[in-house]
Amino acid sequence: MTPAPQLIIAGGGLSGSLAALALAKRRPDVSFVLVEQGQSFGGNHVWSFFDSDVAPEQRWIVDPLVSGKWPDHQVNFPKRSRRIALGYNSIKSERLDRTVRTSLRPEQYRLGQRIVDLGAHHVTFDGGDRIEARGVIDARGVSTLKGLDLGWQKFVGRTFRFERSHGSSRPVIMDACVDQQSGYRFVYTLPFSDNELMVEDTYYSTSAVLDATRVRQSIDDYVLAKGWGAGEVVSEEIGLLPVLLGGDLASLWDPSEVAAARLGLRGGFFHPTTGYTVPDAVQNAALLTQQRDVSGPALHLLYHRRAAALWKERSFYQLLNRMLFRAADPDQRYRVLEHFYRLPQPLIARFYAGQLTTIDKLRILSGRPPVPLRRALAAVRETKS
Ligand SMILES: Cc1cc2nc3c(=O)[nH]c(=O)nc-3n(C[C@H](O)[C@H](O)[C@H](O)COP(=O)(O)OP(=O)(O)OC[C@H]3O[C@@H](n4cnc5c(N)ncnc54)[C@H](O)[C@@H]3O)c2cc1C
C-alpha cells in the first residue's frame, strides 16, 4: 500500500498545478498528490501575464510553461493608441498539462478522479475511495460567489490558423475601437505565429449571461473587417470572470467550513478588475515551497491571512470597478480605460500586478474624471448594503 502523502492538492487547474510543480522542483522532501477530475491538467485556457506580474526570482515557476512571449503590447481606443514596452507572455493549457505529466512522478498525480467530499485531512472520490494526508489544499476553482457584489468579464476567444500571414506582430490587449455593446467591449488579439492568431471578444457587463453564438459571429465579423482572409478555427475558450465591486472575503473563507487551505479563485486570489490569477498563483506556489510546516492548519492560516491582507490592500480596485460599472453609462465605460491609459507605464504595470502605491492611486483619480462627477462621487461613497 502507498503511504499517505503529506499533502493533497485538490484541483489540477492553474493554481493547483503551479503549486504541485513548484513543490516537485524545490521541495522533494514533501510528498503530495495532485488530484484532478478532468482527463488533463489545466482545462482549456490561454493564461497570460505581463513580465511585471511575476518577480524575476519566481520566473522559474512559469518559464517552462510559456507558449508565447512578446517584448511589448498595444492598446487601441477611439482617442488613444499606445504601444507599451512591457513584455507579455501566454501559457496554453496543453503545455501546462504536458509539463505536469512529465515533471511529476506517477504517484504524485491522479487524473479523472472527482472529489465529492473534502476535509482538513482527507478527500473522498465519487467511487467511494478516500485518501488521507496531513494537509489538504483546495484549488478546485470557483465555488460560491454568493455575498459578493460582482460585475462580469465575459468572453469568447477563438484561435485561427490563417492561410496567409495576418501581419500582426504584437498582442493587442484591448482594441476598444469596436461597437460598445453590453458594457465595455474590446477585442484582444494574440499573434502566436505568423499565421496563427487568437481573437477574443470581451465584455465588461453587469449580466453573467454570454451568448456565445452571437459573440462567435462578432469575432468572424472582426476578422473579416481586418482583412485577415480565410482561416480555420483551431481552438476556442469561453470565460466568465468575476469583477469585484464589493463584498467580504468571509464569503469565500467561511469560518464554519472545513479548515482546508484554499488557492486560486476558490481562495479569493484573483485580480479584482481583470479576474486574472496568474500573479497570485505564482506567488502562492513560491510561498508554499518556503514553508517548513506543511500541515493543514499551518497552510490554512498562511493562505487565509494572505487572502485577507490582499483583499484589504486591493479594496481600491473595487472602487475603480464601481466607477466603471456604476458611474459610467454602459456604452461610455471604455472612456474610463482610455483615461487610465494616459498614465505612465510603470504605474500601468503595478496596476495589473495588483501592487499600486498610494501615489499611484492618487494619480489614477487625478484630473477630470471621464464619468459624470456626481456619479463618480456616489461610486466612491458606496459600500455594499
Ligand atoms: C478562458 C479563461 C481565460 C483566462 N485567462 C486568464 C489570463 O489570461 N490570465 C490570468 O491570470 N487569468 C486568466 N483567467 C482567470 C483565471 O486565471 C483562471 O480562471 C484560472 O484557471 C483559475 O485558476 P484556479 O486554479 O483557481 O482554477 P482552475 O484553473 O479552474 O482549476 C480548478 C481545477 O479544479 C478541478 N476540479 C473542480 N472540481 C473538482 C472536483 N470536485 N474534483 C477534482 N477536481 C476538481 C477542475 O477540473 C479544474 O481543473 C482565465 C479564465 C478563463 C475561464
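Because the structure is predicted, anything quoted here is derived from the model rather than measured.

Within the element layout of this structure, Thr-124 appears in strand 10 (residues 122-125). Measuring from C-alpha to C-alpha, the distance between Thr-124 and Arg-114 comes to 8.4 Å, with 10 residues separating the pair along the chain. In this structure, Thr-124 is in contact with Arg-114, Ile-115, Val-116, Asp-117, Asp-129 and Arg-130, ignoring residues within four places of it in sequence.

It is worth spelling out the site of the ligand at this point. Near the ligand there are 28 residues, and of these Ser-15, Glu-36, Ser-48, Leu-265 and Thr-277 occur at the shortest range. One of the backbone nitrogen or oxygen atoms of Gln-37 is found 3.2 Å away from a nitrogen atom of the ligand. For the ligand, an oxygen atom lies 2.4 Å from a polar atom in the side chain of Thr-277. Taking 970 Å² as the accessible area of the ligand by itself, protein coverage stands at 89%. Mapped by element, the contributors of at least two residues to the shell around the ligand are helix 1 (14-26), strand 3 (46-50) and strand 17 (231-246). Top element by residues in the shell around the ligand is strand 17. It accounts for four residues. Here the shell around the ligand is composed, by residue class, of 11 nonpolar, 13 polar and four charged.

Before going further, it helps to examine the domain arrangement of the chain. Many authors give the size of an interface as the accessible area that is lost as the parts come together. Each assigned domain of the chain is listed with its residue range as follows: domain 1 (7-68 + 91-146 + 247-313), domain 2 (149-245) and domain 3 (315-381). Distance from the C-alpha centre of domain 1 to the C-alpha centre of domain 3: 31 Å. Listed as interface residues are 12 residues of domain 1 and, on the opposing side, 11 residues of domain 3. Summing both partners gives a buried area of about 1000 Å² for domain 1 against domain 3, and 48% of it is carried by carbon and sulfur. The largest per-residue losses of area from domain 1 upon contact with domain 3 belong to His-271, Thr-273 and Glu-313, which jointly make up 38% of the total buried on that side. Linking domain 1 with domain 3 are zero salt bridges. The interface formed by domain 1 and domain 3 includes six residue pairs in polar contact (both at pLDDT 80 or more). Per-element accounting of the side of domain 1 that touches domain 3 gives the leading share, three residues, to helix 6 (residues 296-313). Considering only residue class, the side of domain 1 that touches domain 3 consists of three nonpolar, six polar and three charged.

Rules used in this analysis
Residues numbered from 1 in each chain as written. Predicted model: local features only at pLDDT ≥ 70, side-chain atom pairs only at ≥ 80, totals over all residues. Heavy atoms only, no water. Helix = DSSP H or I, 4+ residues; strand = E, 2+ residues; numbered from the N terminus. Contact = heavy atoms within 4.5 Å. Near = heavy atom within 4 Å. Polar contact = N/O pair within 3.5 Å; in protein donor to acceptor, adjacent residues only side chain to side chain. Areas by Shrake-Rupley, 256 points an atom, 1.4 Å probe, with all protein chains shown as cover. Nonpolar A, V, L, I, M, F, W, Y, C, P; charged D, E, K, R; others polar. Domains from an automatic or database assignment. Buried area = accessible area lost by both parts, 1.4 Å probe. Salt bridge = Lys/Arg side-chain N within 4 Å of Asp/Glu carboxyl O.

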